[in-house]
Amino acid sequence: MGVVFLGIMSHAPGLTGRIGQAPAADREAVFEGFAQMRARLEVARPDLLVVVAAEHFANFFMDNMPAYALGMADRYEGPIEDEQWLRIPRTVVPGNAAASRAIIQHLIHEVDLAYCEEWKFDHGIMVPLHYLTPDYDVPIVPVNINCQQPPFTPLARAWAFGQALRRACDALPQRVALLGTGGISHWPGSTQMGRINEDFDREFLRRWTCNDRDALLAYADEEVLREAGHGGIEIRTLVAIAAAAGGGSPGELLFYHGTPAFSIGSCAAVMPVLPTGPARAFSREGGHVAVPDPEAPV
Ligand SMILES: [Fe+2]
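Our subject in this report is the structure included herewith. Being a predicted model, the structure only gives us computed values, none of them experimental.

Below, the discussion takes up the nonpolar core. In terms of nonpolar packing, the biggest core is built from 56 residues, with Val50, Ile103, Leu107, Phe204 and Trp208 touching the most fellow members. In contact with Leu107, not counting residues within four places along its chain, are Leu70, Leu113, Phe161, Ala164, Leu165 and Ala168. Counting 42 residues, the second largest nonpolar core, distinct from the first, contains Val4, Val30, Phe60 and Ile140.

Attention now goes to a nonpolar patch on the surface. On the surface, a nonpolar cluster with roughly 290 Å² of combined accessible area is contributed by Phe57, Phe61 and Met62. Looking at the element boundaries, Phe61 is found in the loop between strand S2 (48-53) and strand S3 (68-71).

This brings us to the coordination of the iron ion. Tetrahedral coordination by four donors sets the ideal angle at the metal to 109.5 degrees; octahedral coordination by six donors sets it to 90 or 180 degrees. His11 (NE2), His56 (NE2), Glu234 (OE) and Glu234 (OE) make up the full set of protein donors to the iron ion, lying at 1.9 to 2.7 Å. Because the angles between the 4 donor atoms bound to the iron ion fall within 52 to 152°, the donor set is best described as irregular. Ordering the donors of the iron ion by residue number gives the pattern H-x44-H-x177-E. Of this pair, His11 sits in the loop between strand S1 (2-9) and helix H1 (14-17) while His56 sits in the loop between S2 and S3, placing them 45 residues apart in sequence.

Okay, the sheet that holds strand S10 (residues 264-271) next. A sheet is described by the order of its strands in space; here 8 strands give the open sequence S6-S3-S7-S2-S8-S1-S10-S9, paired in mixed fashion. A single partner strand is all that each edge strand has here, and the edge strands are strand S6 (114-116) and strand S9 (252-259). Neighbour-to-neighbour, the strand axes of this sheet turn through a mean angle of 15°, independent of strand direction. Where S2 and strand S7 (residues 140-145) come together, 5 bridges link them in parallel fashion.

About the cut-offs
Residues numbered from 1 in each chain as written. Predicted model: local features only at pLDDT ≥ 70, side-chain atom pairs only at ≥ 80, totals over all residues. Heavy atoms only, no water. Core = buried A, V, L, I, M, F, W, Y, C linked by side-chain atoms within 4.5 Å. Buried < 20%, exposed > 50% of the residue type's maximum accessible area, 1.4 Å probe, protein only. Contact = heavy atoms within 4.5 Å. Patch = residues over 30% accessible without salt bridge, like charges linked within 9 Å, V, L, I, M, F, W, Y side chains within 5 Å. Areas by Shrake-Rupley, 256 points an atom, 1.4 Å probe, with all protein chains shown as cover. Salt bridge = Lys/Arg side-chain N within 4 Å of Asp/Glu carboxyl O. Helix = DSSP H or I, 4+ residues; strand = E, 2+ residues; numbered from the N terminus. Donors = N, O, S within 2.8 Å, 3.2 Å for Na, K, Ca; no water. Tetrahedral: all angles 85-135°; square planar, octahedral: opposite > 155°, others 65-115°. Pairing = 2+ DSSP bridges. Axes fitted to C-alpha atoms, helices over the stretch in contact; angles between N-to-C directions.

See the structure below:
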């Protein structure tokens, strides 16, 4: 069947852990926004949810940090954090090892990636699941892009990864939802925690919803670190989903709400699932290149 849903959303731990401390209006904006996202996902009726996340030294550390990693298990546990702090009870989340293996075997022709038979989900995956599939009734394939410690995979490589992931998921018999979670601007665990750069966030979301490949890949890490903090490096997960959508297909912002109590601007956005064809083949540099139309007059 292949990909039936493409979306992105934020995943900060405050969105569950400190939800009760926010003013009611902010709380309701988040609940309503994520409820819209959940409704869109349920309409797509996925039987596999591939979550492209940026975890936070929960499973991967500097002794061995893969740029890209996929889970390959029939079950996962989460959250790895304290349950009371995150306000999400620890549970077992179903996976699908066979589907994971199929994706990996497809990806490995194009991407050097790690794969893991054990993985404890942190808030980067558990917060989105809390809002989108709170009954944990859709098997998960977790995907991680290192956004924690440089050297970071270049944005062009994250784009190429997203393209390859789309091809791999389209080859599956399942109805696949692709979800990216991360950023946008935030400064977790620093003296600037709570700061939100709403201008940066809205401009990024403009570029994302336009699916403007060149504009998305134009961000330099130095600019992101300055304007969006080290949490902004997580835009790689969101860029990968734009790439999976094929480039050029306009998306829809469901909501954006900046709330210092959550230390992030909360958001959710979706893109239509359009067919991708040979015109989006890989270039050697990782971007897509136009393939000559064999039917075109010469
Ligand atoms: Fe994060």
